[in-house]
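Architecture and fold: a report
Below, each chain spelled out in residue letters.
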Amino acid sequence: MLSLLHIENIAVIEQADIELGEGLTVLSGETGAGKSIVIDAISAILGQRTSRELIRSGAQKGFVSAVFTGIPTELTKKLQEMELNGDEADTVHVQRQISADGKSICRVNMRPVSASVLKSLSPYFINIHGQHDGQKLMDEQYHIEFLDNFGNAAALLAEYTPLYQRLFALKRQITELDKSEQERLQRIDMLRYHAEEIEAAALVPGEDEALAEKKAVFDNAGKLLGALDAAYRALDGEDEDTPGACALLTVASNEISQISGVSGELQSLYERAEELKYLALDLRDSVSAQQSKIDFSPEESAAAEERLDTIYRLKQKYGATTEEILAYYQEIQQELEKLSCADETRERLHEEYKAGVVQAKAVAARLTALRREAAAKLEKRIVAELADLDMARTRFEIRIETGTRLTAHGMDTVAFLISVNPGEPVKPLSKVASGGELSRVMLAMKNVLTAGEAVGTLIFDEIDTGVSGRAAQKIARKLASIAQKKQTLCVTHLPQIAAMGDSHLLIAKSVREGRSYTDVTPLAQDARVNEVARMISGDNITETTRSSAKELLDAAAASKKEENK
């Protein structure tokens, strides 16, 4: 259960420490005092979405922390699996800090977690019933979820859902294949044309680069040959009368060789002359070899030019390089194979779909059987609960219609029907129930559906909408009965409910030094009499209303004492 709630800089609450005990705790106060802020703060520690607007004006961050004690075994195991267990075996500390930049930091037992992890743990902490639940009760699309929760259909749904999702995916694939046959054939023709054009080119990876280099040689052939010829003549000589560098170096080497034996320096000079001579001779031979390689052919140049033009046109269509063009060719082949085998694939998918339908319908039939059995039990439980809530002549029916078409929930549609007046046929809740009746139906369902849940705390946010008089008294007693099994918090405007509480918190707003502040104050008996009196008559509290309030509180105490015997 929720033992301690600390709120700091959340809306108009600057700081509040709320200690909570077992049984029924009621929260009351004037409209706009900030009761909903307490619920928002609790929602924050349950991992619900928050916004920077929740932070008190002028503050940089808001902070909420909670201490839960007597946690269920299921939660203990889950915390151990997630390595979030704390030092105290039966206690969990939860914190959430909300920053002005919109970010939030969540912690469980002082370890940081994401808001989604916090949200996954929230079903073990608190179950909040508010106006949103009433709206869901009015919407028939949610009725099947209420029934499945009561019937513990989670395991069957976990078996059915992947089967349905697989069918959905198969159907989408079949639809894609069933597109216009003309579109498919046109695509095949286009791809074949592309493939044939690339095949005819017989591309070789890197060919374009080699051809470009070759073309550069052809384009500069004259200049290359002239330069190489001049270099060769300079090395070898133009004729006998004009010796080249090789001949001159040979003469120099021979002359120095005649005196090389005189000293070591001359010997070294000779060796250098010999080295230069041979280097010049080697350079001359290399130039000659290069000359022989340049075999300029106008026909070969034209062929290279034409080949490069072909590759250029292909690049414009299919890729920036020969490698990209060839990769595109492989993609074409794969798509052509897929398109050509469309009929075979379609037939295979249809067979898979048929088999999947049979399998999914078998599980859906088990879901239907479970729902019908659960519906019979839930009808009786709801009718019994409504009788306790001053709706003894109410007929409540759960109508299950089973079709042949599979949906995300199976083959069933579920609708809750009600008749609040004897002799009247049952009709949809949205068309029959008043606000007060709807509140009682929701309370009845909440009591039934949460009875077997591991959640330790129930919160009812203004369950008394549209209720007064005797019906209010019945709701008060029902809440007290629920609180005997689970810690229960109730935000209320009704004195009958407030009087039934085991503890009472007053939510009051005041203005101090030009700023609004909301305070949460636990009420002692005298203060509680005054608050119940205010709820009865407004600000005009008299001894008569105080007497009525005290009488209401005494009657509630006696009723609970009688109930506990």
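Anything mentioned here points back to the structure above.
All of the points below concern the structure found in this document. Quick caveat, the model's predicted, so the values are computed rather than measured.

Some words on the overall build of the protein
When helices and strands are tallied, the protein shows 20 helices and 17 strands. Taking 565 residues into account, the globule formula puts the C-alpha radius of gyration at 24 Å, and the protein, at 45 Å, lies well above it. Dimensions of the protein along its principal axes, counting C-alpha atoms only, are 145 × 70 × 45 Å. Burial statistics for the protein: of 565 residues in total, 42% are counted as buried. Sequence-distant contacts, at least 24 apart, represent 71% of the contacts inside the protein between residues at least 6 apart. Surface accessibility of the protein: about 30700 Å² in total, with carbon and sulfur atoms responsible for 49%. Of the charged side chains in the protein, 67 are positive and 88 negative, and the gap between their average positions amounts to 14 Å.

Observations concerning the environment of Leu156
Tracing the backbone shows Leu156 in helix H6 (residues 154-177). Beyond its immediate chain neighbours, meaning those up to four positions away, Leu156 contacts Val363, Arg366, Leu367 and Leu370.

Overview of the nonpolar core
Across soluble globular proteins, you tend to see nonpolar side chains buried next to one another. Membership of the largest hydrophobic core comes to 56 residues, with the highest contact counts inside it found for Leu137, Ile398, Phe416 and Leu479. If sequence neighbours within four positions are ignored, Phe416 has contacts with Leu137, His143, Phe146, Leu147, Phe396, Glu397, Ile398, Lys427, Pro428, Leu429 and Met445. Counting 44 residues, the second largest nonpolar core, distinct from the first, contains Leu46, Ile98, Cys106 and Ile459.

A look at the packing of H6 against helix H14 (residues 342-388)
Their axes nearest at 9 Å, the elements H6 and H14 cross at an angle of 155°. As the angle between them shows, H6 and H14 are arranged roughly antiparallel. The handedness of the crossing between H6 and H14 comes out as left-handed. Along the lines of polarity and charge, the residues of the contact of H6 with H14 split into 17 nonpolar, five polar and seven charged.

A few points about the sheet that holds strand E3 (residues 24-28)
In spatial order, the strands read E8-E14-E15-E3-E16-E17; together these six strands make up an open sheet with mixed pairing. With partners counted over all chains shown, the strands left at the sheet margins are strand E8 (126-129) and strand E17 (515-522), one partner each. When strand polarity is set aside, the average angle formed by the axes of neighbouring strands in this sheet is 15°. As defined by bridge partners, E8 adjoins strand E14 (residues 457-461) across four bridges and the pair is classed as parallel. Bridge pairing links Ile126 to Thr457 in E14.

What counts, and where the lines are drawn
Position numbers for residues start from 1 in each chain and track the written sequence from start to end. This being a predicted model, a pLDDT of at least 70 is required before a residue's local features are given, and a value of 80 or more before pairs of side-chain atoms are given or counted; all residues contribute to the totals for chains, interfaces and linings. As a rule here, side-chain values cover all heavy atoms of the structure and leave hydrogens and water aside. Each helix is a run of DSSP H or I of at least 4 residues and each strand a run of E of at least 2, with the numbering of both proceeding from the N terminus. The quantity called the radius of gyration is restricted to C-alpha atoms. Its globule counterpart is 2.2 Å times the number of residues to the power 0.38. Classification of residues uses two cut-offs on accessible area relative to the type maximum, computed with a 1.4 Å probe and protein chains only: under 20% is buried, over 50% is exposed, and between them is partly exposed. In this analysis, two residues are considered to be in contact whenever any of their non-hydrogen atoms come within 4.5 Å of each other. In these tables, accessible area is a Shrake-Rupley quantity obtained with a 1.4 Å probe, and a residue counts as shielded only by the protein chains included in the view. His is not counted here, nor are the chain ends, while Lys and Arg score as positive and Asp and Glu score as negative. Think of each charge as sitting on NZ of Lys, CZ of Arg, CG of Asp or CD of Glu. To define a nonpolar core, start from buried Ala, Val, Leu, Ile, Met, Phe, Trp, Tyr and Cys residues and group those joined through side-chain atoms within 4.5 Å. Axis definition: a line fitted to C-alpha atoms, over the contacting stretch in the case of helices. Angles run 0 to 180 degrees between N-to-C directions. In these notes the angle categories are as follows: under 35 degrees is roughly parallel, over 145 is roughly antiparallel, 65 to 115 is roughly perpendicular, and the rest is oblique. What makes a crossing left-handed is the near helix being turned counterclockwise from the far one by less than a right angle; a clockwise turn instead makes it right-handed. Here the nonpolar group is Ala, Val, Leu, Ile, Met, Phe, Trp, Tyr, Cys and Pro; Asp, Glu, Lys and Arg are the charged ones; every other residue, Gly included, is treated as polar. Between any two strands, at least two bridges found by DSSP are needed for them to pair.

Just geometry here; none of it tells us what the structure is for.
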